[in-house]
Every structure is written in C-alpha cells, then in structure tokens.
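# Survey of secondary and tertiary structure
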Amino acid sequence: MTDPLDSIIRQAQELTLLLIVVPLLAAFLLASLSRASELLGRIAGPVVLIASALMAGQLWLLVQRTGTVVVAVGGFPAPLGIVLHADPLGVVFALATALMALLLWPRGGPRVREQTLTLLLVAAGSGMALSGDLFNLYVFYEIVAVVSYGLAAGRDRGLAYVAAVRYLILGAVGSAMALIGIGLLYRATGTLNLAHMAALAPGTLDGPLGLAAFTLMVIGFGVKAELFPVNTWVPEVYATASARVSGLLAGVVSKLALVVVVRVLITVFADTSAHLVLLALGLLSVVSGELAALRANDLWRVLAYSSIGQLGLVAIAFAVPGAPGVMAGLVVALHHLVVKPALFLVAESWGGPVSQLAGAGRRSPWAALLFVILVLSLIGVPPFPGFWAKYLLLRGALGQSGLFQVAAAAVGVATVVEAAYLFRIVRLLYRADGERALASRPPAADLVPATVLASVLLVAMFSVAPLGVAVDGIARRASDVGAYVQAVFPAGVPAAFAREAP
Amino acid sequence: MQALATDLELLQTVLYSGAFGLVLLGLYAMASHRHLVRILLGLTLLEGGANLFLVAVGFRADAVAPIVTPGAQALPMVDPVPQALILTAIVIGVGVLALGLALTVRVFEVHGTLDVRALAQRLTQAGEATPEEPSPAPPVSVTRDAS
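Keep in mind the model is a prediction, meaning the values are calculated, not measured.

This part takes up the overall build of chain B. Counting secondary structure elements, chain B contains four helices and zero strands. Going from the N terminus to the C terminus, chain B shows its helices and strands as α-α-α-α. Counting only residues that meet the buried cut, chain B has 36% of its 147 residues in that class. Counting only carbon and sulfur atoms, one obtains 68% of the accessible surface of chain B, whose full area is about 8300 Å².

What follows is the structure in structure tokens.
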C-alpha cells in the first residue's frame, strides 16, 4: 500500500522534528532529573546528545536518497505555516552542533546550568540549520543568543559578568537590526517563507531597499558570526569564558549564523549585488582580526582574534556567487569548526602572556604536538585540510573580478600574518634555553577531546577526495534554489497575498 | 474621501518616522551614556522602534482590526502577520532585558561600579596582565550613578 519512498520521507520528517524537540525537552527536564538522581542527571545530557547525533546521521543518509525533505510544522502548510527543511547543508550543521556539544560538554563540579544551556544551544542550533521561515530563524537565533550570554557569564568571575553584559548589549542591538531587516523584506515581498520569498523576490530587491535589508540582517546575524564591525565582544568573552564555551561560540554558533546569512543570500538575494556587502565585511574582518592577533600578547586573545580572521575567510568564501563559493565557504567553516575548539582546549591552561609558554613543549609534549598540528592546518600548510580550505577559497575568489581580487590578495597577506604570530608561539613552546616553564600542564580532561578533534583532522587529511565529493554535493544542493522552491511548493508557488498598493 | 486618504498617508509617514526616530534615539542613548542601566534603557527604546516599524509595515489605511468572529462580514483587514511577530519580539526583548539587568546587578556586586568605560578598562588591563588571576577587589568608592 505505502510506497517505500513515502515511508522514508515520513521517517525523515519525524527525525527533522525530533532533532529540535528532543534536546529542547531534555534541557528543561535536566534540572529536575539531576535533583532526583545525581547519576541520572550526569548521564542524561550526553545520552541525549548521542541520540541527537545518531538521528542527524540517520537523517543525513535518508536525505541523500530523498532530496530536500520539507515538514509543515503542526500541519499548517507554507507559506503561512512554518516549514522546516532537511537538506544536506542543514543536516550537516545539526550533526556538527550535536557532536561538538558532546565533545565540549561542561564538566567538573555541579554544572546543571551550563549543561541546560548547552542542550538548549543544540536544540536552537538545529532549528537555525533546519528552519525555512525567516521569522522562525530569528526566534531560534535569539534562543542561541540568550544561551551564549548565559554561557559567557558562566564562569563565576567578575570579569566574565562584564564581558557577558557587554556581549548582551551588542547582541541585542544586532537582533533589533536583524528584525528591522526582516521587516523590510516582509514589506517588499509580503511573505516570511524563504522559498516563497525566493519565488517572489527576483527583480524586487535589487535596489536600496533590498540592500538595506540584507545589510541590516548581516549586521544582526554578524554579531554571532564575529563579523566586522560588531565583533568587539570576541576577545573579551573568549578571554574570560572557559575553553569549552569559547569553543562552542567560535566553533559552532558563529558558523550557524553564517549558514543563515548564506541561505538568505542564495535564496532571496541571488540576483542582486548584496554579496558585495558580505564580501566587504568579510574582508575587513580578516584584515582587522589578523592584525589584532599579531599585536595580542595573550594566547586566548590571539586565538580569539584569529577566530575573527577565519570567520572573515568564511564570509569572503560565501560571498563568491554560485556553488563554488558555497563549497569553499563550507570547507573553511567546517575546518575552523574542528580546529578552533581544539586549540581553545589545548590553550585552556595556557592563559596569560605568551612569554610564560617558553619551554612548555618539553613539560607537556603531547599538548605541544597537538598545538603544532592544529596550527599548521589553521595556517594552511599543504598536506593538512586547512590547505585545501584556503586553496578552494582562493580559487573561488580569483575566478571573480573587482573586489574579489583584492580579497584574494588580502587572504594571502593574512596567511603570512597568521603564520608569523602562530609560529612565534610554536617557537616559544619548544625553546630549549627558556627559564623553567611557568605555564601549567593541560589536564587530560582537556586533551582528550582535543585529541579527538585533531584525529578528525588527520582522518580528513587522508580522505580529501571523498570529502570533497560530499561537500561538493552539499554545495550544489544548497545552491539549487529551483529545486528548493519545488520541494516546499510541489503544487506550484502560491501568489503573493493581496496587499494594498503602498 | 480624498482628504481622508491624504490624512491616512500622513499617518503612515508619521508611523515610519516615529519608528526610525525611536531607533535613532535608542542608538544615541546607548552611545552617549556610560551607565549600564541607561544603556539598557536605550536598548529598550531601540527595540520599541523596531517593533513599531513592524506594526507600520502591516498597517492598511482602510482596514479593520484582524479579528474574525462568527457571522462577521468580510472586510479588508490590517495584516495580522507583523502583529503576531512583534508579540514574539516583545517577549524576547523583555527576556533579554531581564537577563541584562540581572547581569548588571552581578557586575555591580563584584565591581562596585556601573560605568562601562571603567569596566571595559578592567577587561583590557586583564588582557595585558595575567587573566588567570581573579579580578582585583572592588574599589572603595561605590558610586550608584556613574554619569
């Protein structure tokens, strides 16, 4: 009676919903659970995250067979109802969010609050990756934002509160800007559904109004994506929060924000010059981030500024029109998603002026080795995956003209600067004549997840070809707007709602 | 009738300029004040402006409120979607404001001041000194209003 493809699609739809619902429910049950039984409270979070990762993995396999799966939440069809869509791009980031949360799970002492926030982050992060409604994306983004403020203030230290409140103020201004941008888009198109907007937008947004809407949204989402000029919170928060929180914010949250931006760019602003806005902000982020990292004198801040630079690279890559840009951006983003949290974990015990690190390589050889591997990949030294990320980025940028050529040159210079300040630290680590190493030894609790991430990097190094094919597939599917609109509206695109002519 | 239409157009202009005026006023307040609570109040103005803008987007000059009762005749309605949106946006705004004020209380407990420039300076100094050390003890002079 039932077509096998139908049952696969139904299973995929259920998984898409569960990816958001399960961690959300678990987040609010966690406090009660850990009050009822300490053991239950301790294992509940990791179990839920493993389940989320398995569901995302299963969904990935299903989506390979079915194409983009669309769920009308609550049975209300688009464009008035909210739809979730599971396409490879979204599923990969939902999977990455769950896995990174598992690796960076808050540990040590009673951590129910941070664990609750981490589960909420996974729920809302999956929502950002999978939602196909602009306002729904905004709501999930706000949940992620509030979670990040809470996590930033998590360490009970006076300076963390200051950093968190300054982060909150900047983030709230950004959210208001994004909301105005969404309002402008709604005014221009009369819909909030991304697919509906993609079908209605062509021709209407290539003007000052469309450009203003996109700029406001990039500024708004750019707060979490660490884009210039709304990234002043980055060094403050990463210097006061724990390595796990910094890893989650720099590794996962920033990428989710950029994925939302690139989705809007591809579906709604494809035929406009809006990508130049993203390119310009990315370029400024790269230049300002890398130069500030060169001047910084504290390892945590060096990593924070380097994170701004790397996110700028992702923005430049995503600004390249078409599938090659999406592919380059994805590779740079996923590479940074693995490398930067691992670096934060290794550096967790190495805070303070970098001069204290002299000779630390002999005291903790494993940590130093991990640091060197990660740094080589971050710079983009050939056999490491980071090389392929930068190669794809440069190839994409050099294929375009004008400002893209400037961006390619800036990426080259930024790489040199990156190498300069990172090798300075590596040299310090292995300095033989240094005085007794002042830096403390990273504990195993930090080094184990860092080792896992570094091995992911090494595995990726030896399987570049299949990974390249997979990412290329994700990028092609993500940039096929026609198929996306077709998946959301199989029976044809509904007309715009009757609106009074302004 | 013509005069009515002009009046309603004027009303729309007033709505939009009011919204952008509130946004600018909020941004100005946030940039010019150093006191954390005043900055948060500026933020509230800014969010109010954003919400008013959304209401203005859905406004229709000749329409009724979007409430459908059984047996009511179908009249042109004001667009209900932006109104649903700002309900959510207002709730989010209140939540963020509450979190911000709670953090502000903690900041005051630890540092004894709410002057953002002084607080930002401590963050920068911590970056140059050793961040491992706990922050220095609060200063003796405890000011309630830094501006």
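Read on, since the account is not over.
Quick look at the nonpolar core now. A general feature of soluble globular proteins is that nonpolar side chains tend to end up buried together. L134, L278 and F371 of chain A are the most contacted members of the largest nonpolar core, which has 229 residues in total. Setting aside anything within four residues of it in sequence, one finds L134 of chain A in contact with I182, L185, L192, L194, M197, M217 and V264 of chain A.

So, about the interface of chain A and chain B. Counting residues at the interface gives 43 residues for chain A and 47 residues for chain B. Taking both sides of the interface into account, the surface hidden between chain A and chain B amounts to around 3800 Å²; carbon and sulfur atoms contribute 77%. Our enumeration of links across chain A and chain B arrives at zero salt bridges. Seen at the junction of chain A and chain B, the total is four residue pairs in polar contact (both at pLDDT 80 or more). Elements that contribute at least two residues to the side of chain A that touches chain B include exactly α5 (134-152), α6 (158-189), α9 (233-240) and α12 (299-319) of chain A.

A water-sized probe rolled over the atoms picks out the places where empty space is left. Residue and element names in this part refer to chain A. Taken as a whole and assessed by the stated rule, the structure comprises three cavities of 30 Å³ or more. As a volume, the largest cavity reaches approximately 110 Å³. Considering the residues around the largest cavity, the lining is formed by T68, H85, D87, L89, L194, R263, I266, T267, R477, A478, V481 and Y484. Listing elements by their share of the lining of the largest cavity, those giving two or more residues are α10 (243-267), α19 (464-479) and α20 (481-488). Taken together, the residues that form the lining of the largest cavity break down as six nonpolar, three polar and three charged. Both of domain 1 (7-130) and domain 2 (133-269) provide at least three residues apiece to the lining of the largest cavity.

All names here are of chain A. Approximately 1000 Å³ is the volume found for the largest pocket. Taken together, 32 residues form the lining of the largest pocket, with L334, V456, A460, L467 and V471 sitting closest to its centre. Elements that contribute at least two residues to the lining of the largest pocket include exactly α2 (38-66), α3 (88-103), α13 (323-347), α16 (385-398), α18 (444-462) and α19. When residues of the lining of the largest pocket are assigned to their parent elements, the largest contribution, seven residues, is made by α19. Its residues assigned to classes, the lining of the largest pocket shows 28 nonpolar, three polar and one charged.

Another point: the domain arrangement of chain A. Residue and element names in this part refer to chain A. You can read the domains of chain A as domain 1 (7-130), domain 2 (133-269) and domain 3 (273-479). Summarising the inter-unit geometry, the C-alpha centres of domain 1 and domain 2 are found 20 Å apart. In this complex, domain 1 contributes 30 residues to the contact, which on the side of domain 2 involves 26 residues. Overall, the association of domain 1 and domain 2 removes approximately 2400 Å² of surface from exposure, summing both partners, and the carbon and sulfur fraction of that is 76%. For the domain 1 face of the interface with domain 2, the top three residues by lost area are L104, L121 and M128, together amounting to 30%. Where domain 1 packs against domain 2, one counts one salt bridge. Here domain 1 is connected to domain 2 by three residue pairs in polar contact (both at pLDDT 80 or more). Only β2 (83-86), α3 and α4 (112-130) provide two or more residues apiece to the side of domain 1 that touches domain 2. The element contributing the most residues to the side of domain 1 that touches domain 2 is α4, with ten residues. Of the residues assigned to the side of domain 1 that touches domain 2, the class counts are 20 nonpolar, seven polar and three charged.

Reading guide: rules and limits
- Residue numbers here run from 1 along each chain, matching the order of that chain's written sequence.
- The naming scheme follows written order: chains are lettered A onward, ligands numbered 1 onward.
- Totals for whole chains, interfaces and linings use all residues, but because this is a predicted model, local features are given only for residues with pLDDT of at least 70 and pairs of side-chain atoms are given and counted only at 80 or more.
- Only hydrogens and water are set aside when side-chain values are computed; all heavy atoms of the structure are taken into account.
- Each helix is a run of H or I in the DSSP string that is no shorter than four residues. Each strand is a run of E no shorter than two, and both are numbered from the N terminus.
- Partly exposed residues are those whose accessible area sits between 20% and 50% of the maximum for their type, while under 20% is buried and over 50% is exposed, using a 1.4 Å probe and protein chains only.
- Surface accessibility follows the Shrake-Rupley procedure with a 1.4 Å probe radius. Residue values consider only the protein chains on display as shielding.
- As used here, the term nonpolar core means buried Ala, Val, Leu, Ile, Met, Phe, Trp, Tyr and Cys residues forming a set that is joined through side-chain atoms within 4.5 Å.
- The contact rule is simple, with two residues in contact once any of their heavy atoms fall within 4.5 Å.
- Buried area, as used here, totals the accessible surface that two parts lose on assembly, with accessibility defined by a 1.4 Å probe and the loss added over both.
- The salt bridge criterion pairs a side-chain nitrogen of Lys or Arg with a carboxyl oxygen of Asp or Glu, the two atoms within 4 Å.
- Between N or O atoms, a polar contact is any pair within 3.5 Å; within protein, one atom must be a potential hydrogen donor and the other a potential acceptor, and residues adjacent in sequence are included only when both atoms are from side chains.
- Lining residues are defined by having an atom within 4 Å of a point belonging to a cavity or pocket. Those points lie on a 1 Å grid over the protein atoms alone, cavities being sets where a 1.4 Å probe fits but cannot get out and pockets being open sets with protein on both sides within 12 Å along at least five of seven lines.
- Grid points are joined across faces, edges and corners, and a volume is the space filled by probe spheres set on the points.
- Under the grouping applied here, Gly and all other residues not named as nonpolar or charged are polar, the nonpolar ones being Ala, Val, Leu, Ile, Met, Phe, Trp, Tyr, Cys and Pro and the charged ones Asp, Glu, Lys and Arg.
- These domain limits were set by an automatic method or by a database of domain assignments.

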